[in-house]
Amino acid sequence: MTPLISEVLTKVSKAKTKEQKIIILRENNTDQLRMVLKASFDPRIEWELPEGDVPYVKNEAPEGTEHTTLHQESRLLFHFIKGGNPGLSPLRRENMFIQMLEGLSEGEAELVCAAKDKALHRRYKGLS
């Protein structure tokens, strides 16, 4: 079973050395993980969402049950990136983002919010 992206990044932040971090990232190298990392670290990528806290209801179900995963939902991230879907109204874009967050586990929803604010490195220490 593929681990959640939030689980992979938690392992990376807990790894002691840079070499261990690289090994974990290589073992879990997926297009979805790369997409999330790029959306957070690439300065050319701009999110078309307001910065700061997102008003969504956190999914209380235990991880692995009753919700979608970022591996599944990552295909929708283009809607929230500047130039990804210019015909989408800001209100519709924000509602879609909230719905996506509410379907994800709490850890993955927080990961997406940190990526949106270009703050993934603050949430997961040692990630750069």
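Residues numbered from 1 in each chain as written. Predicted model: local features only at pLDDT ≥ 70, side-chain atom pairs only at ≥ 80, totals over all residues. Heavy atoms only, no water.

(A) Representation of the overall build of the protein. Per the secondary structure count, the protein includes 7 helices and 0 strands. Taken against the 2.2 N^0.38 rule, which gives 14 Å for 128 residues, the C-alpha radius of gyration of the protein at 14 Å falls within 12% of a compact globule. Principal-axis analysis of the C-alpha atoms gives the protein an extent of 45 × 35 × 25 Å. Buried positions account for 42% of the 128 residues belonging to the protein. Pairs at least 24 apart in sequence give 71% of the contacts found in the protein among residues at least 6 apart. Carbon and sulfur atoms provide 52% of the accessible area of the protein, an area that totals close to 7700 Å². (Helix = DSSP H or I, 4+ residues; strand = E, 2+ residues; numbered from the N terminus. Rg over C-alpha atoms; globule rule 2.2 N^0.38 Å. Buried < 20%, exposed > 50% of the residue type's maximum accessible area, 1.4 Å probe, protein only. Contact = heavy atoms within 4.5 Å. Areas by Shrake-Rupley, 256 points an atom, 1.4 Å probe, with all protein chains shown as cover.)

(B) Representation of the environment of Ser105. Summarising the element assignment, Ser105 is placed in the loop between helix H5 (90–103) and helix H6 (106–116). Taking the C-alpha atoms as reference, Ser105 lies 15 Å from Thr2; in sequence the two are 103 residues apart.

(C) Region of interest: the packing of helix H1 (residues 5–14) against helix H2 (residues 18–27). Where H1 contacts H2, the axes come no closer than 8 Å and their chain directions differ by 165°. Of the possible angle classes, the one that applies to H1 and H2 is roughly antiparallel. Handedness of the crossing formed by H1 with H2: right-handed. For the pair formed by H1 and H2, the contact residues are Val8, Leu9, Lys11, Val12 and Ser13 on the first element and Lys21, Ile24 and Leu25 on the second. (Axes fitted to C-alpha atoms, helices over the stretch in contact; angles between N-to-C directions. Parallel < 35°, antiparallel > 145°, perpendicular 65-115°, else oblique. Left-handed = near helix turned anticlockwise from the far one by under 90°.)

(D) Spotlight on the side chain of Glu73. By the element assignment, Glu73 lies in helix H4 (residues 70–73). Buried charge without a partner: Glu73 forms no salt bridge, and the closest opposite charge is Arg75, 5.2 Å away. Setting aside its immediate chain neighbours within four residues, Glu73 contacts Thr68, Met100 and Leu104. (Lys, Arg positive; Asp, Glu negative; His and termini not counted. Salt bridge = Lys/Arg side-chain N within 4 Å of Asp/Glu carboxyl O.)

(E) Molecular detail of the packing of aromatic side chains. In the structure shown here, the tally under the stated rule is 2 aromatic pairs. Plain terms: the ring middles of Trp47 and Phe97 are 6.4 Å apart, the flat faces sit at 70° to each other, and that makes the pair edge-to-face. Taken together, the residues span a long stretch of sequence, with Trp47 in the loop between helix H3 (31–41) and H4 and Phe97 in helix H5 at a distance of 50 residues. Residue classification places Phe97 among the buried residues on the basis of a relative accessible area of 2%. (Phe/Tyr/Trp six-rings, centres within 6.5 Å; stacked < 30°, edge-to-face > 60°.)

(F) Seen up close, unusual backbone geometry. In this model, Lys118 sits at a positive phi of 55°, which is unusual for a non-glycine residue. Within the secondary structure, Lys118 is located in the loop between H6 and helix H7 (120–123). For Lys118, a relative accessible area of 25% puts it in the partly exposed group.

(G) Quick look at the pattern of salt bridges. Enumeration according to the criterion identifies 7 salt bridges in this entry. In this structure, Glu48 and Arg93 form a salt bridge, with 3.9 Å as the shortest nitrogen-oxygen distance. On the criterion of sequence distance, the pair formed by Glu48 in the loop between H3 and H4 and Arg93 in helix H5 is long-range, its members being 45 residues apart. With a shortest N-O distance of 3.8 Å, Lys58 and Glu110 are connected by a salt bridge. Linking Lys58 in the loop between H3 and H4 with Glu110 in helix H6, this pair joins segments that are 52 residues apart in sequence. Each member of the salt-bridge network shares a partner with another, and the members are Lys58, Glu106, Glu110 and Arg123.

Structural measurements only, silent on function.
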